[in-house]
Structures are given as C-alpha cells and as structure tokens.
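# Structural overview
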Amino acid sequence: MGITSLWISVVGVFVIVTLIEPNFAFTPQKLPQRPTTQNGVLATTIQKESSLHSKMAKSNEDFTNVKELDEKQLDFTVQYLNEHHGGVLLEFVETFSDLGRIQIEKNAYTSGSYEIQLANLTHINTQEMELEVAVRKRKKESIEHVKIDL
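Every chain is numbered independently, its residues counted from 1 as its sequence is written. Confidence filtering applies because this is a predicted model: local features only for residues at pLDDT of at least 70, side-chain atom pairs given and counted only at 80 or more, and all residues used for totals across whole chains, interfaces and linings. Values shown for side chains rest on all heavy atoms present in the structure; no hydrogens or waters enter the calculation.

## Some words on the nonpolar core
Counted only if it meets this: Among buried residues, the Ala, Val, Leu, Ile, Met, Phe, Trp, Tyr and Cys ones that are joined through side-chain atoms within 4.5 Å form a nonpolar core. Relative accessible area decides the class of each residue, using a 1.4 Å probe on protein chains only: under 20% of the type maximum gives buried, over 50% gives exposed, and in between gives partly exposed. Each helix is a run of DSSP H or I of at least 4 residues and each strand a run of E of at least 2, with the numbering of both proceeding from the N terminus. Throughout, a contact is declared for two residues whenever any of their heavy atoms are within 4.5 Å.
Ranked by size, the top nonpolar core spans 17 residues in total, and within it Val93, Leu99, Ile116, Leu121, Met129, Leu131 and Val133 carry the most contacts. Mapped by element, the contributors of at least two residues to this core are helix H3 (71–84), helix H4 (86–96), strand S1 (114–124), strand S2 (128–137) and strand S3 (140–149). The element best represented in this core is S1, accounting for five residues. The residues contacting Val133, other than those within four sequence positions of it, are Val93, Leu99, Ile116, Leu118, Ala119, Ser142, Ile143, Glu144 and Val146.

Structure follows, in structure tokens:
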C-alpha cells in the first residue's frame, strides 16, 4: 500500500504540474554543442585554458616574491590573529607541530592527561610562524615554544 500511494502521489504531482505548465515536462532543451576539433571550439578552449594556467603561474611567482612585513604591519597582524583567531592557531599547533602528535600519543593511554590549552602567535613571516603554547601535562601547566613551517 505504501508504494501504491507513493506512485499515485508522483502521478498526481505530474498531472498538476502539466495542467499548470503544459510545456513543463515536454519542453525540449537545446544542449550545448560538444567541442570538436572540426569547428575550432576545442582548440579555442585549450588556448584559453593554457592562457589561464600561464596567468596563474605568473601570479604564483608574484606571490613568492612577497616582501616582509614592516614592524607596524607585523604587530597588527600578530595582535589581530591572537585576538580573533585563537582557535585556528590552536588547531595549527595541534595539526602541524610535534605537540599535536605528543597530545595524541599521551591521551591514547591516559585520557585527557595532556592538553594543548592556548596558542599565542609571537612572530610570523613567509616561511614560518612562532607560537607560545600553554600545555597542561597531568596537573602541571607549562609554556612551550613552537615553530610551524608555512
């Protein structure tokens, strides 16, 4: 009975839609022409993609030639990241540093005995970022200094 009711509902919706919009179900739609080498569309597409890749490569080269931040910019960036993205910094430490690996290993045996509590960015440049990390080992808290390669 459930399948029959579902089938009747589907047919009913189809009939209602067809009555409201008679051409709804039977409107042929023009599909885009498949690119072929005969009409030159494929060659043009390949040229456009090649041009896009060369532009992207050039922009990547520009990115690698970034200058260091001056002292004022660096202070603002560090302060902003600490105030507004502390959770992300903590996740960076857990994911990309040895402290994250240590936390997983220690907590596998003793649940919650090792916890990375807080990460505070102290310096950042184009190669690495340096953080001070508050760690709780059993009941003792300590500050660890971590460098994460970017």
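## Considerations on the sheet that holds S3
Inclusion rule: Pairs of strands are assigned from DSSP output, requiring at least two bridges between the strands. Orientation is described by lines fitted to C-alpha atoms, with helices fitted over the stretch in contact, and by angles between N-to-C directions that extend from 0 to 180 degrees.
Pairing in this open sheet of three strands is antiparallel, and the strands run S1-S2-S3 from one edge to the other. Edge positions in the open sheet fall to S1 and S3, since each of these has one partner strand only. Strand-to-strand, the axes of this sheet are offset by a mean angle of 25 degrees, without reference to chain direction. Bridge analysis of S2 against S3 gives 10 bridges, and the strand direction is antiparallel. From the neighbouring strand, Ala134 faces S3, where its bridge partner is Ile143. Sitting on the sheet, H4 touches S1, S2 and S3, and the angle it makes with S1 is about 110 degrees. Against the sheet, helix H5 (residues 98–109) touches S1, S2 and S3, its axis set at about 180 degrees to S1.

## Considering the packing of aromatic side chains
Quick note on the threshold: Here a pair means two rings of Phe, Tyr or Trp (six-membered ring of Trp) with centres within 6.5 Å. Their orientation is stacked below 30 degrees between planes, edge-to-face above 60, and tilted elsewhere.
Applying the stated criterion to the full structure yields two aromatic pairs. Ring plane angle 20 degrees and centroid distance 6.1 Å describe the contact between Phe76 and Tyr80, whose orientation is recorded as stacked. With Phe76 and Tyr80 both in helix H3 and four residues apart, the pair spans about one turn of that helix. Between Phe92 and Phe96 the ring centres are 5.5 Å apart and the planes differ by 40 degrees, which places this aromatic pair in the tilted class.

## Some remarks on unusual backbone geometry
Of note, Arg138 is a non-glycine position whose phi angle comes to about 55 degrees, a positive value. Tracing the chain through its elements places Arg138 in the loop between S2 and S3. Here Arg138 falls in the exposed class, since its relative accessible area comes to 64%.

## Remarks on H4
Defined as follows: This arc is taken over the directions from the axis of the helix to the C-beta atoms.
Among the residues of H4, those classed as buried are Leu89, Leu90 and Val93. For H4, the angular spread of the buried residues around the axis is 100 degrees, confining them to a single face. Facing away from the buried surface of H4 by more than 90 degrees, the exposed residues are Thr95 and Phe96. Tucked inside the fold, the buried residues of H4 contact H3, H5, S1, S2 and S3.

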